[in-house]
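Geometric and topological summary
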Amino acid sequence: MNKVGIIGYGKMGQIRHHAIGEVGNAQVIAISEPTIGAEYNSIPNLTHEEIISHEEIDTIIICTPNLYNKPLTIKALKAGKNVFCEKPPAFTGEEMEEVRKVEEANPQLRLMYGFNHRHHDSIMDMKKIIDSGEYGKILWMRGRYGKSVTPDYFNEWRAKKELSGGGIVIDQGIHMLDLFLHLGGNFDTVKAEVSNLYWNLEVEDNAFVILKNSETGLVANLHSTMTQWRHLFSIEVFLEKGYMVMNGLITSSMSYGEEVLSIAKNRSTAPAATWKDEVKTQYTDNNSWRYEMEHFFNAIRTGDKITIGSSEDALKLMKIIDKIYEQKEF
């Protein structure tokens with residue numbers, strides 16, 4: 001049984017703890033969270049350093065503000081611990097390269113990053129259809145992911161660039177960019193309009209991004225926004241022989257609406273598909289947290305490579321985010 005320490009025991013740390021309990025064969029024996037007392041539900045609350053140097057702990061879950069993700073990951077790997085870290089993996093692609101060097105020096109360890117959207121059942125179904133080739137190759141993708149924030153957001157670490165590394169792109173848009181990579185492959189051209197028109201924070205509140213794979217011609221379009229007054233999640237994948245549209249996302253608040261995947265095949269006459277041609281599937285359970293932990297701990301026990309949420313995936317993603325922020329004008 002793996003002995004686990006969780007660094008950062010806010011909302012995400014507690015979600016990960018619950019998922020570990022669902023998976024089994026792992027036990028959280030210590031946490032590190034400065035906002036609570038000496039222990040939590042009989043689990044000792046230690047410092048970051050005590051978690052990393054703990055002789056019994058072989059696996060560390062990192063759920064801290066973004067600033068600490070890279071240094072804590074490097075320290076934990078150097079201490080001989082398997083690491084699961086929340087997104088973003090780092091602030092830049094260059095920083096991610098630093099992490100990968102340490103990972104490569106410790107091949108017996110497993111490093112995985114938390115991109116749970118890949119593990120939603122709806123996204124997994126979309127991936128299976130794409131990989132089957134039944135609908136032909138992808139022509140284009142469009143993703144919209146947006147939320148609003150409350151006045152207390154101004155006091156959160158996410159609103160401070162030195163702690164977060166950026167705004168809505170690195171906070172939420174990063175998930176949609178990751179899905180583009182997961183479903184569509186690599187992109188070598190990145191064009192972006194990044195703005196801070198409403199909230200007037202240190203970080204961006206809107207980004208319009210166009211990605212292109214020059215070899216295949218595939219284009220993906222993202223709007224990531226902090227001025228979406230009604231929360232929205234939508235990803236559209238149009239292929240040669242049909243399309244898939246996923247609207248809504250199962251979350252604890254359900255503020256993004258019900259998670260529904262619509263699929264239709266093209267017909268020979270225009271319009272190629274109509275609303276009545278669609279087959280709709282509504283998803284009622286969010287299994288993504290459990291699926292992620294299963295993948296992580298299975299890789300630790302079997303010695304298999306991380307295939308979803310790997311450091312290679314993370315590096316590709318951060319290089320795209322680098323190119324987006326290079327075009328920021330404020």
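Above: the structure in question.
1. Here we look at the sheet that holds strand β5 (residues 59–62)
- Strand order across the open sheet formed by five strands is β2-β1-β5-β6-β7, with parallel pairing between neighbours. Edge positions in the open sheet fall to β2 (26–32) and β7 (111–114), since each of these has one partner strand only. Strand-to-strand twist across the sheet, computed as the mean angle between neighbouring axes with direction ignored, equals 20°.
- Across four bridges, β5 lies against strand β6 (residues 82–86) in parallel orientation.

2. Things to note about the layout of surface pockets
- Each pocket or cavity is described by its volume, and for the largest pocket that value is around 1400 Å³.
- Around the largest pocket, the lining comprises 50 residues; the ones closest to its centre are Lys11, Met12, Lys147, Arg158 and Asp171.
- For the lining of the largest pocket, the secondary structure elements donating two or more residues are α1 (11–23) and α7 (168–184).
- Top contributing element to the lining of the largest pocket by residue count: α1, with five residues.
- Here the residues of the lining of the largest pocket are counted per class, giving 15 nonpolar, 25 polar and 10 charged.
- Around the second largest pocket sit 13 residues that line it, and Glu103, Arg110, Lys305, Ile306 and Ser311 are the ones nearest its centre.
- Counting only elements with at least two residues in the lining of the second largest pocket, the list comes to α4 (93–104) and α9 (311–326).
- The greatest single-element share of the lining of the second largest pocket, amounting to three residues, is contributed by α4.
- Class assignment of the residues belonging to the lining of the second largest pocket gives a composition of four nonpolar, three polar and six charged.

3. Here we look at the environment of glycine 133
- Its location among the elements puts glycine 133 in the loop between α5 (121–132) and β8 (138–146).
- Owing to a relative accessible area of 37%, glycine 133 belongs among the partly exposed residues under this scheme.
- Along the chain, glycine 133 and glutamate 240 lie 107 residues apart, while their C-alpha atoms are 9.9 Å from each other.

What counts, and where the lines are drawn
- Residues numbered from 1 in each chain as written.
- Predicted model: local features only at pLDDT ≥ 70, side-chain atom pairs only at ≥ 80, totals over all residues.
- Heavy atoms only, no water.
- Pairing = 2+ DSSP bridges.
- Helix = DSSP H or I, 4+ residues; strand = E, 2+ residues; numbered from the N terminus.
- Axes fitted to C-alpha atoms, helices over the stretch in contact; angles between N-to-C directions.
- 1 Å grid on protein atoms, 1.4 Å probe; cavity = no way out; pocket = protein on both sides within 12 Å on 5 of 7 lines; lining within 4 Å.
- Points joined across faces, edges and corners; volume = space filled by probe spheres on them.
- Nonpolar A, V, L, I, M, F, W, Y, C, P; charged D, E, K, R; others polar.
- Buried < 20%, exposed > 50% of the residue type's maximum accessible area, 1.4 Å probe, protein only.

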